[in-house]
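# Coordinate analysis (summary)
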Amino acid sequence: MTLAVWIPLLLPLLAAPLARRLAEQLSPRTAALTLAATATALGTAALASLGLLTVTGLLHLPYAAALAHFTPAGRLPDALSGTQWAPAAAAAALALLVIGAFAARTAHHQLADLRRARRATGDAPAGLRARLRRSGPAALTVLDDHRADAYALPGRPPRIVATTGMLAALSAPERAALLAHERAHLAGRHHLLLAAAEYAAACHPALRPLRGALGYHLERWADECAAAEVGDRALTARAIGRAALAASRAPADPRPRLAPAAAGGPVPRRVRALLTPGRPRSRRTARTLAALALAGCLAAAAVTTAAAGHDLHRAVETAQGERPAPHH
């Protein structure tokens, strides 16, 4: 456990840049799923490592040792001695408290933002039965506001929210492309991927850059879906560009962070990608190596976390007298 428990805390420093580079060489949907899966896996492994370090420190306390039913002569092995692990356990416990506080604060703000947006659309708070009921197709809610804005609002029922200012800034075909873009966000449940990246970033600072990269590829995913639905890539690119331009003239109130919008992200880059279709050119060997390296990082995080947990479990069994102490 001495070495294994630290590896999941170090791997994000290598894996996060690898994931971002690999995502640039994949289709938008595959790139978004890769980034979300990478952030979730590495964040979970880092959280588990911090938990193992904390538990190791707690088991050196007399009260915790008694709760764990250690024998009178039972103690953890030298590799897990209190003198060596006390500072690391204290730091891990503090990190877990900070992560918990940040995650709770993030969840509070996200829910408050969604409730505020729901109230703006005239929706009453849904009860448990309404939340469990299968939702139908997304409805369009038009807000009387001269400021241009449009976004996909998740929930029960899902809604596409657009202001009169945004609809007036676009032609009828462009409005169709805009609505198709927002429907793609809701159909793909992109808010869940954004939430996963947000909480993963709370678990490890090196995972924070994945949030912005994921947001871009989710917008590109929705762009491609909209272009396929309306059958015109140039029209979709024009709709996105005009929507972003209209939104920049008179910025609307901040929308919920889990409500993706067509006018978000690096719009010129998205427009360029729509007008030059096809997967980004890259050497197949380089893409394969990046994918293998990322897969290796994720496998190493999973294996070392499991190994550290197994080592601690064996050490506790030894201290409880259920397993003979190893001979050196």
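Each remark here, short or long, concerns the structure printed above.
Attention here is on the structure that accompanies the text.

Conventions and cut-offs
Residues numbered from 1 in each chain as written. Predicted model: local features only at pLDDT ≥ 70, side-chain atom pairs only at ≥ 80, totals over all residues. Heavy atoms only, no water. Helix = DSSP H or I, 4+ residues; strand = E, 2+ residues; numbered from the N terminus. Buried < 20%, exposed > 50% of the residue type's maximum accessible area, 1.4 Å probe, protein only. Contact = heavy atoms within 4.5 Å. Pairing = 2+ DSSP bridges. Axes fitted to C-alpha atoms, helices over the stretch in contact; angles between N-to-C directions. Phe/Tyr/Trp six-rings, centres within 6.5 Å; stacked < 30°, edge-to-face > 60°. Lys NZ or Arg CZ within 6 Å of the ring centre and 35° of its normal. Core = buried A, V, L, I, M, F, W, Y, C linked by side-chain atoms within 4.5 Å.

### A short note on the overall build of the protein chain
In terms of regular secondary structure, the protein chain is built from 12 helices and 3 strands. Residues classed as buried in the protein chain amount to 44% of the 328 residues present. Taking the contacts inside the protein chain whose residues are at least 6 apart along the sequence as the reference set, 74% of them involve residues at least 24 apart.

### What about the environment of Glu229?
Tracing the backbone through its elements, the reader meets Glu229 in helix H9 (residues 209-230). On a C-alpha basis, the gap between Glu229 and Ala176 in space is 9.2 Å, while along the polypeptide they are 53 residues apart. Apart from the residues within four sequence positions on either side, Glu229 is in contact with Ala180 and Arg183.

### Re the sheet that holds strand S1 (residues 139-143)
Strands sit in the order S1-S3-S2 across an open sheet of 3 strands; the sheet is mixed. With partners counted over all chains shown, the strands left at the sheet margins are S1 and strand S2 (150-153), one partner each. Averaged over all pairs of adjacent strands, the angle between their axes in this sheet comes to 25°, without regard to strand direction. Bridging between S1 and strand S3 (residues 159-163) involves 5 bridges; their strand directions are parallel. Looking at the pairing, Leu140 lines up with Ile160 of S3. Docked against the sheet, helix H7 (residues 172-187) engages S1, S2 and S3, running at close to 25° with respect to S2.

### Points about the packing of aromatic side chains
Enumeration according to the criterion identifies 0 aromatic pairs in this entry. The side chain of Arg269 reaches across the aromatic face of Tyr216, ending 4.0 Å from its centre.

### Details of the nonpolar core
One finds Leu35, Leu193, Leu207, Leu210, Leu214 and Leu218 to be the most contacted residues of the largest nonpolar core, which totals 31 residues. Counting residues per element, the ones that place at least two in this core are helix H1 (7-23), helix H2 (28-58), helix H8 (190-203), H9 and helix H12 (284-319). Those residues in contact with Leu218 that lie beyond four places of it in its chain are Ala32, His185, His190, Leu193 and Leu194. Counting 14 residues, the second largest nonpolar core, distinct from the first, contains Val5, Ala92, Ile99 and Ala308.

### Focus: the side chain of Thr236
Relative to the assigned elements, Thr236 resides in helix H10 (residues 233-249). You can call Thr236 buried: its relative accessible area is 2%. Leave out the neighbours within four places in its chain, and Thr236 touches Ala177, Asp223, Ala226, Ala227, Val230 and Leu274.

### Some words on the pairing of S2
Here S2 shows two buried faces, one formed by Ala150 and Ala152 and the other by Tyr151 and Leu153. Pairing geometry for S2 and S3, over 4 bridges, is antiparallel. Its bridge partner lying in S3, Ala150 is registered against Ala162.

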